[in-house]
Amino acid sequence: MGVVTPGFTGRAHSGDPRLPPGQYLARDFPVLSAGPTPRVRTDDWEFTVVTESGEKRAWSWRELLALPSEKFTVDIHCVTQWSKLDTRWRGVRVETLIGDLTTSADYVMARSYGGYTTNLPLADLLDGQAWVAYEYNGKPLTPEHGGPARLLVPHLYFWKSAKWVRGLQLTTKDDPGFWETAGYHDYGDPWREQRYQGD
Amino acid sequence: MAGTAVSGRLAWRVARLAEARVETPTARTLVFDIPGWPGHLAGQHVDVRLTAADGYTAQRSYSLAAPADGDRVELTVQRVPDGEVSEHLTGRYAVGDPVEIRGPVGGWFVWRPADPAPVLLVAGGSGIVPLMAMIRARRAAGSKALFRLVYSLRTPAERYYAEELRRPVAGLDVTYVYTRELPEGQPGIPRRIGVATLNTAGWPADFGATSYVCGPTGFVETVADILLALGHDPHTIRTERFGPSRD
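Residues numbered from 1 in each chain as written. Chains lettered and ligands numbered in written order. Predicted model: local features only at pLDDT ≥ 70, side-chain atom pairs only at ≥ 80, totals over all residues. Heavy atoms only, no water.

A. Structural view of the interface of chain B and chain A. Taken residue by residue, the interface counts 51 residues in chain B and 43 residues in chain A. Across the chain B to chain A interface the summed buried area is about 3,900 Å²; carbon plus sulfur atoms make up 52%. The largest contributions to the chain B side of the interface with chain A come from Thr51, Trp108 and Arg241 of chain B, which together make up 14% of the buried area. Joining chain B to chain A, the criterion identifies three salt bridges. Close ionic contact of Glu221 of chain B with Arg39 of chain A constitutes a salt bridge, the shortest N to O distance being 3.1 Å. At the boundary of chain B and chain A, one finds 15 residue pairs in polar contact (both at pLDDT 80 or more). Only strand 3 (45-51), strand 4 (57-63), helix 1 (84-89), strand 6 (98-105), helix 5 (217-229) and strand 11 (237-242) of chain B provide two or more residues apiece to the side of chain B that touches chain A. Split by residue class, the side of chain B that touches chain A holds 19 nonpolar, 16 polar and 16 charged. (Contact = heavy atoms within 4.5 Å. Buried area = accessible area lost by both parts, 1.4 Å probe. Salt bridge = Lys/Arg side-chain N within 4 Å of Asp/Glu carboxyl O. Polar contact = N/O pair within 3.5 Å; in protein donor to acceptor, adjacent residues only side chain to side chain. Helix = DSSP H or I, 4+ residues; strand = E, 2+ residues; numbered from the N terminus. Nonpolar A, V, L, I, M, F, W, Y, C, P; charged D, E, K, R; others polar.)

Okay, structure coming up:
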């Protein structure tokens, strides 16, 4: 147990087993990003997946919407300690986008409009664990929450769910992305409180 | 000084309250002694962890309010209604009481004293805290970088660091924007920050300034959009937001 602060009792403990350690329930939906919100017109939007050998697939907005999508309800956890339970989304599974590409890559760099990047193991994006999401609560995803489309990887801290995502680069080497270079954890498992490097 | 990256596991350190100042009726500046503090950059933040007698813990992130000064670390905490951590830190938390703190964290929303570029700081409410750390770091380092601060708040009574910001500092221009109530005797009407404010009180887009914008989400969205519209390169605009989105 940590050092007790005299007089501190805390709020009534929720004890919600769905809250990872160190997280609290947010009633609203906070916004965090490093710079201005990019406004990406869906007419100009393009999403690409490129393998380590340079093989490439690309989708326009209309092509993305034509892909099989699914509605899903997940819990999300931000490294700044808020969590939201049962958030409702719609999007395309990442494995649908990787499709028939041939790769032996173990890692992915997600790239965003505006220049943001974040790295993930490829295995964490497959088997129904990750989506390119374009609806939140039944409505188009707003720009401040990453619209028109964001990556959604709910089992990792939310900075891994890159807003304004524009593509996935499959790589054999694990290079750190934007926040990872700034001291945040390479993987970011909320249940193991992997907030910062070395956690 | 801490670099961009953090090496090794960030340790929780025991911090004791050394000094507390009332900043406004709802905000309190806390000065901690943290033996072994590794130093930090202006703009970085820390995680604060409180532990109750029954073992329950709660932690929150707070921006550092002052540059590194040995084992001294300063935060300004705003009381959030029903905020279980902020209510304790702005209330019963007393000199000598311990908390645990770890950090510093964040390598993007930072100002380095060696950087000679002009700086625009735009604060909304308690968003002044990390920007004040930059102003203080500039002074501590004897930097000649030109700073402009635009500080938006509802009423004069809500000003943080009022005395310190009142004293003139060469190379630092301060502009206040009051949204609800003007200081007594000041002509005009309360208004929100707009294109005209940032066009006048900010830097021309071609001066190569870096802009740091910190405040509630809606405020930061508005300011960043105005700076873009005034021609600033998006890569020169750094933001830190708190609170919910507008929808």
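B. Spotlight on the packing of aromatic side chains. In this structure the tally under the stated criterion is 26 aromatic pairs over all chains. A centroid spacing of 6.0 Å and a plane angle of 70° characterise the contact between Phe29 of chain A and Trp82 of chain A, whose relative ring orientation is edge-to-face. Of the two residues, Phe29 of chain A is situated in the loop between strand 1 (24-25) and strand 2 (46-50) and Trp82 of chain A in strand 5 (residues 82-93); the sequence distance between them amounts to 53 residues. Look at Trp82 of chain A and you get buried, because its relative accessible area is 3%. Ring centres of Trp159 of chain A and Tyr184 of chain A lie 5.5 Å apart, and the angle between their planes is 65°; this geometry places the pair in the edge-to-face category. Here Tyr184 of chain A lies in the segment after helix 3 (178-181) and Trp159 of chain A lies in the loop between strand 10 (150-152) and strand 11 (165-171), a separation of 25 residues in the sequence. Trp159 of chain A sits in the buried class, given a relative accessible area of 9%. Members of the aromatic cluster, each reached through a chain of ring pairs, are Tyr116, Tyr157, Trp159, Phe178, Trp179, Tyr184 and Tyr196 of chain A together with Trp108 of chain B. The ring of Trp12 of chain B carries the charged tip of Arg49 of chain B above its face, separated from the ring centre by 4.2 Å. For the cation-ring pair, Arg138 of chain B lies above Phe147 of chain B, with the distance from its terminal atom to the ring centre recorded as 5.5 Å. (Phe/Tyr/Trp six-rings, centres within 6.5 Å; stacked < 30°, edge-to-face > 60°. Buried < 20%, exposed > 50% of the residue type's maximum accessible area, 1.4 Å probe, protein only. Lys NZ or Arg CZ within 6 Å of the ring centre and 35° of its normal.)

C. Focus on the pattern of salt bridges. A complete count under the given rule lists 28 salt bridges over all chains for this structure. Here Asp225 of chain B makes a salt bridge to Arg39 of chain A, at a shortest N to O gap of 2.8 Å. Of the two residues, Asp225 of chain B is situated in helix 5 and Arg39 of chain A in the loop between strand 1 and strand 2; the pairing between them involves two chains. In this structure, Arg60 of chain B and Glu84 of chain B form a salt bridge, with 3.5 Å as the shortest nitrogen-oxygen distance. Of this pair, Arg60 of chain B sits in strand 4 while Glu84 of chain B sits in helix 1; the two residues are 24 residues apart in sequence, bridging distant segments of the chain.

D. Local environment of the side chain of Thr118 of chain A. Residues and elements named next belong to chain A. Considering the arrangement of structural elements, one finds Thr118 in strand 7 (residues 117-121). We classify Thr118 as buried; its relative accessible area is 0%. A polar side-chain atom of Thr118 sits 2.6 Å from a polar atom in the side chain of Glu180. Apart from the residues lying within four places of it in its own chain, the contact partners of Thr118 are Val108, Met109, Ala110, Trp159, Lys160, Ala162, Gly177 and Glu180.

E. Summary view of the nonpolar core. Grouped together as the largest cluster of nonpolar side chains are 57 residues, with contacts concentrated most on Phe47, Trp89, Leu151 and Leu168 of chain A. Ranked by the residues each element gives to this core, the list is headed by strand 8 (residues 131-136) of chain A, at five residues. The contact partners of Phe47 of chain A, leaving out residues within four places of it in the chain, are Arg57, Ala58, Trp59, Leu97, Val132, Val165, Arg166, Gly167 and Leu168 of chain A. Of all hydrophobic cores here, the second largest spans 29 residues; its members include Phe109, Leu121, Val129 and Ile135 of chain B. (Core = buried A, V, L, I, M, F, W, Y, C linked by side-chain atoms within 4.5 Å.)

F. Layout of the state of the cysteines. Taken as a whole and assessed by the stated rule, the structure comprises zero disulfides over all chains. Cys78 of chain A takes part in no disulfide bond, and the closest cysteine sulfur, belonging to Cys214 of chain B, lies 15 Å away. Judged by its relative accessible area of 7%, Cys78 of chain A falls in the buried class. Residue classification places Cys214 of chain B among the buried positions, given a relative accessible area of 3%. (Disulfide = S-S within 2.5 Å.)

G. Layout of the sheet that holds strand 10 (residues 210-216) of chain B. Residue and element names in this part refer to chain B. With parallel pairing, the five strands of this open sheet are ordered in space as 9-8-7-10-11. Two strands in the sheet have a free side with no partner beyond their single neighbour: strand 9 (172-178) and strand 11. Adjacent strand axes in the sheet meet at a mean angle of 10°, parallel and antiparallel pairs treated alike. Inspection of the sheet shows strand 10 paired to strand 11 by six bridges, in the parallel sense. Considered in strand 11, the bridge of Cys214 is made with Glu240. (Pairing = 2+ DSSP bridges. Axes fitted to C-alpha atoms, helices over the stretch in contact; angles between N-to-C directions.)

H. Local environment of helix 5 of chain B. Residue and element names in this part refer to chain B. In this model, helix 5 (13 residues) spans 18 Å end to end at C-alpha, consistent with the 18 Å of a helix rising 1.5 Å per residue. On its buried side, helix 5 packs onto strand 7 (119-124), strand 8 (147-153), helix 4 (195-201), strand 10 and strand 11. One or two residues past the end of helix 5 sits Gly231, with phi positive at roughly 100°. (Expected span 1.5 Å × (residues − 1).)

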